[in-house]
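Analysis of the macromolecular model
Below, each chain spelled out in residue letters.
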Amino acid sequence: MLYFARGSKTDVITPGEIREILGKVFDKMGRKKRVLAIPPDFTRFNSYAGPITEMINDYYGDTLTDVMPALGTHSPMTDGQIKTMFGSVPADKFRIHDWRNDVVTIGTVPGEYVSEVTEGRLDYSLNAQVNKLLLDPSFDLILSVGQVVPHEVIGMANYTKNIFVGVGGSDFINKSHFIGACYGMERIMGRAKSPVRDVFEYARVNYAKDLPIVYVLTVRDKQDGQMVTRGLFIGDDFECFQKAADLSLETNFIMVDKQIRKCVVYLDPEEFKSTWLGNKAVYRTRMAIADGGELIVLAPALKEFGEDRTIDGLIRKYGYKGTPHTLECTNANKDLQDNLGASAHLIHGSSEGRFSITYCPGDGVSREEIEGVGFGYCHYDEMAARYPVDKLKDGWNVVDGEEIYYISNPALGLWAHPDRFK
């Protein structure tokens, strides 16, 4: 059922309107005994899911007993991040998702189906897993909140990704990510339907259809330097997601008029502290950067590669060295076979030799560490002096006679040239 749908590329849905819309939808759903909210974590701060979760808490009060941020493989939120993002929602309502230990398998996506949707590239099965809290029968409403935006692994973020990755388990996370990497990132990004999404839908339709999940999806954009809500979609099936994805593609997809020779991307220190997240600078720009071009990643708060100790170790061990090297290492090493999500990430984070990638951290990561994983290195202070972010505007700039393309937050969109997006 589609409870609500509104949005356009020029629409601005105000906080007051969102509160009113939520109230009317919740009234229509009828009285609930116990509610669970699943918003994204701090890495999706710009999704507006924080204020929406506050509104959910205001409406349901004590009936909203649990809030579980969809961490996926990310680090747990700090108390400060919870307060900043979720405001007045009581701290004692928050639960931490453990993707390795706190999950239950609710069904299996068969290898035959995986082979069908991946055109024979892979034929393994996946265990559809969710946090055990979702199976508590006392919940008569689960509200999955989040932003639909182009995504490197699944095509368009959120919807069932919030469930099977955000509060899902290692088998499904690892194997679904590897499907995306093997099928080809450029064939997936910006598309609502993909082999990865097909696998998620198989799990939803066959194994999660009885869970009382309703999706509250936003589409966000910048206007006059401020984030605004362009769309709000509330429903419990693919139609809700499809409408949000259509608007996101129209809103968040930036088609450049010429291939970029030099791209400078800034990673906000509040949001990006690892290459696991920061490599959105690579994913979201790769279809816009010219062969032989240069990507400069300004990462002042970088302190690690993976947010999980095991993943961090694998990135340091194998590096971002292209698909053939990564697949060869995966075939030969059990540690990567047991963590296919890491293998997929190594593929995603490589330019495949098409363009250079220079990471520019502060003092949190050394030259040896950056070069050890296959990136070029420059200290943040040196590169930021050359390209001062407070003087750059999103898009084309000329700095000392040199034309560059600047992106202030790679998580907010997808950039491509028509020759590379077909």
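Residues numbered from 1 in each chain as written. Predicted model: local features only at pLDDT ≥ 70, side-chain atom pairs only at ≥ 80, totals over all residues. Heavy atoms only, no water.

A few words on the pairing of strand E6 (residues 141-147). Of all seven residues in E6, seven are buried, a share of seventy percent or more. Here E6 shows a buried face lined by Leu141, Leu143, Val145 and Gln147 and a second buried face lined by Ile142, Ser144 and Gly146. Pairing between strand E2 (residues 35-38) and E6: four bridges, direction parallel. The residue of E6 that forms the bridge with Val35 is Leu141. Summarising the sheet, E6 and strand E9 (residues 213-223) pair through six bridges and their orientation is parallel. (Buried < 20%, exposed > 50% of the residue type's maximum accessible area, 1.4 Å probe, protein only. Helix = DSSP H or I, 4+ residues; strand = E, 2+ residues; numbered from the N terminus. Pairing = 2+ DSSP bridges.)

Note on placement: Glu152 falls in the loop between strand E7 (150-151) and strand E8 (155-156). Taking the relative accessible area as the measure of exposure, Glu152 reaches 4% and is therefore buried. A polar contact is formed between the side chain of Glu152 and the side chain of Lys280, at a distance of 3.2 Å. A distance of 2.9 Å separates the side chain of Glu152 from the side chain of Arg284, its partner in a polar contact. When near neighbours in sequence (up to four residues on either side) are disregarded, Glu152 contacts Met185, Ile188, Met189, Lys280, Tyr283, Arg284 and His348. (Polar contact = N/O pair within 3.5 Å; in protein donor to acceptor, adjacent residues only side chain to side chain. Contact = heavy atoms within 4.5 Å.)

Strand order across the open sheet formed by six strands is E1-E10-E9-E6-E2-E3, with mixed pairing between neighbours. Both edges of this open sheet fall to strand E1 (2-7) and strand E3 (64-67), since each of them pairs with a single strand only. With direction set aside, neighbouring strand axes in the sheet form an average angle of 25°. Helix-sheet contacts for helix H2 (residues 49-60) involve E2, E3, E6 and E9, and the interaxial angle to E6 is about 155°. (Axes fitted to C-alpha atoms, helices over the stretch in contact; angles between N-to-C directions.)

Strand order in the open sheet formed by six strands is E15-E14-E13-E12-E17-E16, and the pairing between neighbours is mixed. Edge positions in the sheet fall to strand E15 (376-377) and strand E16 (395-399), since each of these pairs with one other strand and no more. With six bridges joining them, strand E13 (residues 289-299) and strand E14 (residues 356-361) adopt parallel strand pairing. Note that in E14 the partner of Ala299 across the bridge is Pro361.

In the Ramachandran plot, Asn158 falls in the positive-phi region, its phi being about 80° despite a non-glycine side chain. Within the element layout of this structure, Asn158 appears in the loop between E8 and helix H5 (161-164). You will see that Asp224, though not glycine, has its phi angle at about 55°, which is positive. Position of Asp224 relative to the elements: it lies in the loop between E9 and strand E10 (226-235).

With that settled, the discussion passes to helix H6 (residues 170-183). Over its 14 residues, H6 extends 20 Å from the first C-alpha to the last, a length consistent with the 20 Å expected when each residue adds 1.5 Å. Here H6 lies mainly inside the structure; twelve of its 14 residues are buried. Gly184 sits one or two positions beyond H6 and adopts a positive phi of about 120°. (Expected span 1.5 Å × (residues − 1).)

We now examine the packing of aromatic side chains. Any aromatic ring pair is given by two values, namely how distant the centres are and how the planes are angled relative to each other. Using the criterion set out here, one finds 17 aromatic pairs in the structure. Arranged with centres 6.3 Å apart and planes meeting at 80°, the rings of Phe164 and Phe200 form a pair that is edge-to-face. Here Phe200 lies in helix H7 (residues 195-207) and Phe164 lies in helix H5, a separation of 36 residues in the sequence. Among the aromatic residues, those joined into a ring-pair cluster are Tyr159, Tyr215, Phe238 and Phe241. (Phe/Tyr/Trp six-rings, centres within 6.5 Å; stacked < 30°, edge-to-face > 60°.)

A word on empty space enclosed by the protein. Inspection of the entire model under this criterion finds two cavities of 30 Å³ or more. Its boundaries defined by the atoms lining it, the largest cavity holds a volume of some 530 Å³. Lining the largest cavity are 36 residues, and of these Arg44, His74, His151, Lys161 and Lys280 lie nearest its centre. Broken down by secondary-structure element, the contributors of at least two residues to the lining of the largest cavity are E6, H5, H6, helix H9 (275-278), helix H10 (280-283) and helix H14 (340-348). Tallied by class, residues from the lining of the largest cavity come to 13 nonpolar, 16 polar and seven charged. Examining the composition of the lining of the second largest cavity, we find that three residues originate from one element, H6, more than from any other. (1 Å grid on protein atoms, 1.4 Å probe; cavity = no way out; pocket = protein on both sides within 12 Å on 5 of 7 lines; lining within 4 Å. Points joined across faces, edges and corners; volume = space filled by probe spheres on them. Nonpolar A, V, L, I, M, F, W, Y, C, P; charged D, E, K, R; others polar.)

This brings us to the packing of H6 against H7. Helix-helix packing: each pair is described by the crossing angle between the helix axes and the interaxial distance. Where H6 meets H7, the axes come as close as 8 Å, and the angle between the chain directions of the two elements is 150°. The orientation of H6 with respect to H7, classified from their angle, is roughly antiparallel. Contacts from Phe172, Ser176, Ile179, Gly180 and Tyr183 of H6 reach H7 at Pro195, Val196, Val199, Phe200 and Ala203. Along the lines of polarity and charge, the residues of the contact of H6 with H7 split into eight nonpolar, two polar and no charged. (Parallel < 35°, antiparallel > 145°, perpendicular 65-115°, else oblique.)

Our next topic: the nonpolar core. With 53 residues, the main nonpolar core has Phe164 and Phe172 as its most contacted residues. The element that contributes the greatest number of residues to this core is H6, accounting for six residues. In terms of nonpolar packing, the next biggest core, distinct from the first, is built from 46 residues, Cys263, Val282, Ala299 and Ala411 among them. (Core = buried A, V, L, I, M, F, W, Y, C linked by side-chain atoms within 4.5 Å.)

Moving on: the environment of Glu119. As for its placement among the helices and strands, Glu119 is situated in the loop between helix H4 (111-117) and strand E5 (126-131). The spatial distance from the C-alpha of Glu119 to the C-alpha of Tyr377 is 38 Å, given a sequence separation of 258 residues. Once you skip the residues sitting within four places of it in the chain, Glu119 turns out to touch Tyr183 and Arg187. A polar atom in the side chain of Glu119 sits 3.2 Å from the side chain of Tyr183.

Right, let's get into the side chain of Thr53. Mapped onto the fold, Thr53 is located in helix H2. Look past the residues within four positions of Thr53 in its chain and what remains in contact with it is Pro39, Val67, Phe86 and Val89.

Right, let's get into the packing of helix H1 (residues 15-29) against H2. At a minimum axis distance of 10 Å, the contact between H1 and H2 shows a crossing angle of 45°. Taken as axis vectors, H1 and H2 run oblique relative to one another. Two packed elements cross with a definite hand, and for H1 against H2 that hand is right-handed. Taking contact as the criterion, the partners of Pro15, Ile18, Arg19, Leu22, Gly23, Phe26 and Asp27 in H1 are, on H2, Ile52, Met55, Ile56, Asp58, Tyr59 and Tyr60. Across the contact of H1 with H2, the residue classes break down as nine nonpolar, one polar and three charged. (Left-handed = near helix turned anticlockwise from the far one by under 90°.)

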